[in-house]
Amino acid sequence: MKIKVKTTIDEEETFELMVFGRYYQKDQASFLQYEEAHEEGTVRTIVKVAQDEALILRGGAVKMRLPFQLHKKMRGSYEMPFGTFETLTMAKRIEHSEGLIDILYDFTMQGSPAGTYHLEISFQEDKK
């Protein structure tokens, strides 16, 4: 799978990442798995999407757990070498269609609003 991860913060800052990974479905959920290389080391990411909820798990050099549930505040965590931060997400939109995962959410870290994040993950079979 060819995966493009695009994150837009407050409609101003945009980060894009192109990686290869895998997509599969289990029970009523869809999963996307990929790895990215950082200066600190490799980060493994799993994105799980179901009806009105999603979960982003990251392990390795960065440890993060971001749960999402439509119109509900959800607690998560972001672990860094110097400590663990508590996060809050408030999903305004969770959409999943063929080849696209779209999550729009308000993000709070350690009690401070960090902005509105728009996460668009598009993926397609890598035709070789």
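Refer to the structure above for everything that follows.
Residues numbered from 1 in each chain as written. Predicted model: local features only at pLDDT ≥ 70, side-chain atom pairs only at ≥ 80, totals over all residues. Heavy atoms only, no water.

S.K.: In this structure, what is going on with the overall build of the protein? I would like to understand it.
M.R.: Scanning the protein from N- to C-terminus turns up zero helices and ten strands. Secondary structure elements of the protein, listed N to C terminal, follow the sequence β-β-β-β-β-β-β-β-β-β. A compact globule built from 128 residues would reach a C-alpha radius of gyration of about 14 Å, and the protein, at 14 Å, matches this within 12%. Its C-alpha atoms give the protein principal-axis dimensions of about 45 × 35 × 30 Å. Taking all 128 residues of the protein together, the buried fraction comes to 37%. Intrachain contacts of the protein at a sequence separation of at least 6 include 24% that bridge at least 24 residues. Counting 17 positive and 21 negative side-chain charges, the protein places the centres of these two groups 5 Å from one another. (Helix = DSSP H or I, 4+ residues; strand = E, 2+ residues; numbered from the N terminus. Rg over C-alpha atoms; globule rule 2.2 N^0.38 Å. Buried < 20%, exposed > 50% of the residue type's maximum accessible area, 1.4 Å probe, protein only. Contact = heavy atoms within 4.5 Å. Lys, Arg positive; Asp, Glu negative; His and termini not counted. Charge placed at Lys NZ, Arg CZ, Asp CG, Glu CD.)

S.K.: Mind showing me how you'd approach the layout of surface pockets here?
M.R.: Once rolled over the atoms, a probe with the size of a water molecule shows which space is left empty. Empty space within the largest pocket amounts to approximately 620 Å³. Contributing to the lining of the largest pocket are 22 residues, with Thr7, Phe15, Arg58, Met64 and Tyr117 lying nearest its centre. Those elements that provide at least two residues to the lining of the largest pocket are strand S1 (2-9), strand S2 (13-26), strand S3 (29-38), strand S4 (41-49), strand S5 (53-60), strand S6 (63-69), strand S9 (100-109) and strand S10 (112-124). Grouping the constituent residues of the lining of the largest pocket by class yields 16 nonpolar, three polar and three charged. (1 Å grid on protein atoms, 1.4 Å probe; cavity = no way out; pocket = protein on both sides within 12 Å on 5 of 7 lines; lining within 4 Å. Points joined across faces, edges and corners; volume = space filled by probe spheres on them. Nonpolar A, V, L, I, M, F, W, Y, C, P; charged D, E, K, R; others polar.)

S.K.: What is the right way to look at the sheet that holds S9 in this model?
M.R.: Two pairing modes exist for strands in a sheet, parallel and antiparallel, and in both the strands are linked by backbone hydrogen bonds. In spatial order, the strands read S1-S2-S3-S4-S5-S6-S7-S8-S9-S10; together these ten strands close into a barrel with antiparallel pairing. Each strand of the sheet is rotated relative to its neighbour by a mean of 25°, with strand direction disregarded. Strand direction decides the pairing type here: S9 and S10, joined by ten bridges, are antiparallel. Within S10, the residue paired with Asp106 across the bridge is Thr116. (Pairing = 2+ DSSP bridges. Axes fitted to C-alpha atoms, helices over the stretch in contact; angles between N-to-C directions.)

S.K.: Which parts of the structure should I look at to understand a negative patch on the surface?
M.R.: On the surface, a cluster of negative charge is contributed by Asp10, Glu11, Glu12 and Glu13. As for its placement among the helices and strands, Glu13 is situated in strand S2. Judged by its relative accessible area of 45%, Glu13 is partly exposed. (Patch = residues over 30% accessible without salt bridge, like charges linked within 9 Å, V, L, I, M, F, W, Y side chains within 5 Å. Areas by Shrake-Rupley, 256 points an atom, 1.4 Å probe, with all protein chains shown as cover. Salt bridge = Lys/Arg side-chain N within 4 Å of Asp/Glu carboxyl O.)

S.K.: Hey, could you run me through the side chain of Thr89 in this one?
M.R.: When you line up the elements, Thr89 lands in strand S8 (residues 83-97). Judged by its relative accessible area of 1%, Thr89 is buried. From its side chain, Thr89 meets the backbone oxygen of Pro67 in a polar contact 2.5 Å long. Setting aside residues no more than four positions away along its own chain, Thr89 makes contact with Leu66, Pro67, Phe68, Lys72, Lys73, Met74, Tyr105, Asp106 and Phe107. (Polar contact = N/O pair within 3.5 Å; in protein donor to acceptor, adjacent residues only side chain to side chain.)

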